[in-house]
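Fold and geometry: a report
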Amino acid sequence: MLTAGVLALAPSGAYAFQLGGGGGGGVVQPSSPIQIQQPVINSQTYQGSETTDKATDVVLDLTLADAVARGLKHNLGLILTTQSTTSSHGSQLEELQSLLPTVTGKITESVQQTDLQALGLRGEGFPAIIGPYGYTDLRASLKWSLLDLSSLQNYLASKHNFAASKLSATDARDMVVLTVGNAYLLCIADKSRIDSVQAQVDTSKVSLDQAVSNHQAGTAPLLDELRARVDYQTQEQTLISTKNTYEKDKIALARVIGLPLEQKFQLVDQEPYAALDHVEADDAVKQALGARQDLAAAKEQQTAAEHARHAATDERLPVISFSGDYGDIGVNVGTSRSTFDATGSIDFPIFEEAKLRGDAKTAQSQLEQAKAKASDMQGQIGADVRDSLLDLESAAKQVEVARSNVELAKEALSEAQQRYKAGVSDNLAVSQALQSMAQADDQYVSSLYQHNVAKLSLARALGVADQKYQVYLGGK
């Protein structure tokens with residue numbers, strides 16, 4: 001770098017033209033293009049939370065809306081994304097400062113005493129020691145890059161990066177709603193399974209009592225009683241396992257929404273089957289491309305990368321800067337006099353080719369990555385919407401089939417129980433009917449859960465989960 005055209009105003013008022021380092025304290029190095037980075041926040045991050053509340057002895061009635069509200073306040077994914085926005089804003093302010101004047105103040109109080117003989121100044125008429133002597137200096141300094149296009153482009157890049165962070169924080173709210181909603185719906189499904197298995201336990205207990213009575217009366221073999229007892233104990237095992245799964249899923253829900261694990265709570269809402277109006281795939285994809293905040297954030301990051309690339313190119317341009325100071329200096333404040341220094345400089349690179357080309361390649365690589373990510377996200381949004389619609393259609397059909405299977409299984413079980421009670425057949429048909437009933441109930445509960453999750457996933461794919469998740473879960 002070469003500093004040329006330095007105009008120095010000396011304290012005596014004389015003017016001097018210098019080549020080389022000026023009174024500003026050295027050459028001005030242009031800022032390197034900023035690195036556009038975002039924190040790595042994946043789906044696992046949204047499974048955690050910040051727990052600040054204290055557990056109480058009261059059993060908390062937890063609705064889906066309450067769970068979502070707590071998630072939007074305590075979920076770790078949203079907290080980290082929000083803090084990333086704050087960090088991006090800080091980076092923007094730092095880049096802005098490079099374009100603004102920097103003013104600093106300094107107060108200097110100096111006292112010295114010098115040994116002249118130690119410096120070799122000996123002889124008649126030379127004192128051995130001079131001093132103490134000193135001075136007081138009160139001074140304000142100013143530095144300002146009047147024209148720095150590279151720093152200007154870096155500031156614009158940081159501005160768009162900040163905008164991208166804000167959009168990502170908005171998109172994170174949809175992710176929280178999806179995560180919390182899925183956890184809540186899973187607990188609802190677990191509770192339904194518990195109720196279903198409990199009913200099967202009660203039914204198998206009736207069959208067991210009947211088999212025991214028939215065996216004691218001599219109208220049925222021991223095999224019937226053993227078969228009924230195995231069925232009963234199998235259902236009890238299933239009930240224990242289902243209750244365990246329910247409690248574990250409640251813990252996962254508490255972790256997502258920031259509830260203390262010691263806090264007891266019960267689910268209030270039940271999400272029954274509610275069909276969603278038919279949605280055209282092409283219209284839905286178009287809506288999603290206009291509403292998804294993560295896509296808008298990706299486009300802002302691409303714009304930020306474009307400015308960073310321009311910043312790398314502009315490193316080759318001259319930088320015009322000004323520096324100066326003004327203050328009072330003297331033996332003490334009462335006898336001080338004002339002095340000042342003003343320096344203007346033009347700095348430009350002469351031989352920094354390796355650095356300049358390296359910065360350009362790095363910035364160009366970031367730009368190409370940002371373009372590829374934005375393009376891929378457009379395709380992924382289309383895939384998300386179409387996948388959700390296919391899942392929704394499939395789950396709706398499964399609900400209808402599973403509902404029919406439950407009714408048929410109930411009739412088959414009733415028929416088998418009546419035939420066994422009348423002594424027309426053994427209880428093998430009852431045992432098989434119980435197994436069919438358990439399978440039909442489980443499939444029905446699973447299909448209801450899958451249907452509700454598909455509706456919630458569609459709302460997320462369309463970018464409206466935060467505002468309309470209740471509408472989609474309730475049907476349209």
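It is worth spelling out the packing of aromatic side chains at this point. Tallied over the full model, the rule gives zero aromatic pairs. Sitting over the face of the ring of F265, K250 holds its NZ or CZ atom 4.7 Å from the ring centroid.

This next bit is on the pattern of salt bridges. According to the stated counting rule, one finds 21 salt bridges in the structure shown. When the shortest N-O distance is used, the salt bridge between D442 and R193 registers 3.0 Å. Separated by 249 residues along the polypeptide, D442 in helix α8 (residues 428-462) and R193 in helix α3 (residues 149-217) bring together distant segments of the chain. The closest approach of N and O atoms between K355 and D359, which form a salt bridge, is 2.9 Å. Residue K355 and its partner D359 are located together in helix α7 (residues 353-421), separated by four residues, close to a single helical turn. K355 gets classed as partly exposed once you look at its relative accessible area, which sits at 33%. Take D359: its relative accessible area is 14%, and that puts it in the buried class. The structure contains a network of salt bridges with shared partners spanning D171, R292, D294, D384 and R460.

With respect to the helices and strands, S145 occurs in strand β6 (residues 129-147). Apart from the residues within four sequence positions on either side, S145 is in contact with S98, L99, I320 and S321.

A contiguous nonpolar surface patch, about 700 Å² in accessible area, is contributed by W144, L146, L147, L149, L152, L317, I320, F322 and I346. Sorting the residues of the nonpolar patch by element identifies β6, α3 and β8 (319-330) as the ones contributing at least two each. Here the element with the most residues in the nonpolar patch is β6; it accounts for three residues. One can find L146 in strand β6.

With respect to the secondary-structure elements, T238 resides in helix α4 (residues 222-257). Given a relative accessible area of 33%, T238 falls into the partly exposed group. On a C-alpha basis, the gap between T238 and V279 in space is 39 Å, while along the polypeptide they are 41 residues apart.

Put simply, helix α2 (residues 76-97) and α3 touch, their axes get as near as 8 Å, and they point 170° apart. One way to sum up the angle between α2 and α3 is to call them roughly antiparallel.

Our next topic: the packing of α7 against α8. For the pair α7 and α8, the least separation of the axes is 7 Å and the interaxial angle reads 160°. By the angle between their directions, the pair α7 and α8 is classed as roughly antiparallel. α8 is crossed by α7, and the crossing has left-handed handedness. Across the contact of α7 with α8, the residue classes break down as 26 nonpolar, ten polar and six charged.

Cut-off values and rules
Residues numbered from 1 in each chain as written. Predicted model: local features only at pLDDT ≥ 70, side-chain atom pairs only at ≥ 80, totals over all residues. Heavy atoms only, no water. Phe/Tyr/Trp six-rings, centres within 6.5 Å; stacked < 30°, edge-to-face > 60°. Lys NZ or Arg CZ within 6 Å of the ring centre and 35° of its normal. Salt bridge = Lys/Arg side-chain N within 4 Å of Asp/Glu carboxyl O. Helix = DSSP H or I, 4+ residues; strand = E, 2+ residues; numbered from the N terminus. Buried < 20%, exposed > 50% of the residue type's maximum accessible area, 1.4 Å probe, protein only. Contact = heavy atoms within 4.5 Å. Patch = residues over 30% accessible without salt bridge, like charges linked within 9 Å, V, L, I, M, F, W, Y side chains within 5 Å. Areas by Shrake-Rupley, 256 points an atom, 1.4 Å probe, with all protein chains shown as cover. Axes fitted to C-alpha atoms, helices over the stretch in contact; angles between N-to-C directions. Parallel < 35°, antiparallel > 145°, perpendicular 65-115°, else oblique. Left-handed = near helix turned anticlockwise from the far one by under 90°. Nonpolar A, V, L, I, M, F, W, Y, C, P; charged D, E, K, R; others polar.

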